[in-house]
Amino acid sequence: VDLAAETLGNGGLGGRQAWLASAEVQAELTGATLKFREPKTSRLAEDANNFRRIGNAILRKECETKGILIRTLSIVDARAWAAAALLNGVLATDEWPLRLVTSRVDVDDDGNRLALFSSIDLVHLLEQAGAMTPPQRVDLMRSWKLSGEALHREADDDYRRLFGEVPPDAQAEIAHKA
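Each chain has its residues counted from 1, running along the sequence as written. Per-residue local features of the predicted model are confined to residues with pLDDT of at least 70, and side-chain atom pairs are confined, for both listing and counting, to 80 or more; whole-chain, interface and lining totals are unaffected and use all residues. Note that water and hydrogens are dropped before the side-chain values are worked out from all heavy atoms of the structure.

*Asks:* What exactly am I supposed to notice about the packing of helix α8 (residues 134-147) against helix α9 (residues 155-163) here?
*Replies:* Two quantities define a packed helix pair, namely the angle between the helix axes and the distance between the axes. Orientation is described by axes fitted as lines to C-alpha atoms, over the contacting stretch for helices, and by angles from 0 to 180 degrees between their N-to-C directions. A helix here means a DSSP run of H or I that spans at least four residues, while a strand means a run of E at least two residues long, and both kinds are numbered starting from the N terminus. Closest axis-to-axis distance for the α8/α9 pair is 13 Å, and the angle between their directions is 175°. Considering their axes alone, α8 and α9 lie roughly antiparallel with respect to each other. When α8 is examined against α9, the residues Arg137, Val138, Met141 and Lys145 are found in contact with a partner set consisting of Asp156, Tyr159 and Phe163. Here the angle decides the label: under 35 degrees means roughly parallel, over 145 means roughly antiparallel, 65 to 115 means roughly perpendicular, and every other value means oblique. Residue contacts are counted whenever heavy atoms from the two residues lie within 4.5 Å of one another.

This is the structure we're talking about:
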């Protein structure tokens, strides 16, 4: 519910991607939103608070070491992390703070870490499943670059690895149209 709420209003995703507020998209989000009941809601809240505390300590140390502005996890990010861990699921994110901390923290007593997908990984899965064609993939990647979408730092390397080709360059498309 927290993540779906980020698609509304002028802040966050809703401010950058107005199409997310359409009735059709909101109806699909509502239908796909996980709704927890007790005892999972209590466990989720407790895990989110713990993951946020641990994650923020990791981020503080990392940012201080690199001499960059201290970043923190939002409660929404911490809840997404906790929900994925609680369900033994996968978390899809391109946000480097969340990717960093989830890659360093065990989510159970067996030493397992949360599985992460990036936007590039999801596009690869869609193409492998036949839900996206290679030209659609190239167009999507190009549109992300043109719009300034904040993909994860290794996105171009992941693209080369997964698709065996150089990622599309937004400038090449502009030159092509000229």
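*Asks:* Would you take a moment to explain the layout of surface pockets for this structure?
*Replies:* Empty space left among the atoms is revealed by rolling a probe the size of a water molecule over them. In this structure, the second largest pocket occupies an estimated 150 Å³ of space. Along its surface, the second largest pocket is lined by Glu62, Lys66, Trp96, Arg99, Leu100, Ser103, His152, Arg153 and Glu154. Sorting the residues of the lining of the second largest pocket by element identifies α4 (40-66) and α6 (96-102) as the ones contributing at least two each. Here the lining of the second largest pocket takes 3 residues from α6, the largest share from any one element. The pocket and cavity definitions rest on a 1 Å grid over protein atoms only: a 1.4 Å probe that fits but cannot leave marks a cavity, an open set with protein on both sides within 12 Å along at least five of seven lines marks a pocket, and residues lining either have an atom within 4 Å of a point. Grid points are joined across faces, edges and corners, and a volume is the space filled by probe spheres set on the points.

*Asks:* What's the story with the nonpolar core in this structure? I'm lost.
*Replies:* As a rule of thumb, soluble globular proteins bury nonpolar side chains together. Among the nonpolar cores identified, the biggest contains 20 residues, and Phe51, Leu73, Trp81, Leu91, Leu98 and Val101 are the most heavily contacted of them. Residue assignment for this core shows that the elements contributing at least two residues are α4, α5 (75-86) and α6. For this core, the leading source of residues is α5, giving 8 residues. Ignoring any residue separated from it by four or fewer positions in sequence, one finds leucine 98 in contact with Leu73, Asp77, Trp81, Leu91 and Thr93. In terms of nonpolar packing, the next biggest core, distinct from the first, is built from 10 residues, Met141, Trp144, Leu151 and Phe163 among them. Residues enter a nonpolar core if they are buried and are Ala, Val, Leu, Ile, Met, Phe, Trp, Tyr or Cys, with the set joined through side-chain atoms within 4.5 Å. Using a 1.4 Å probe on the protein chains alone, a residue whose accessible area is under 20% of its type maximum counts as buried, one over 50% counts as exposed, and one in between counts as partly exposed.

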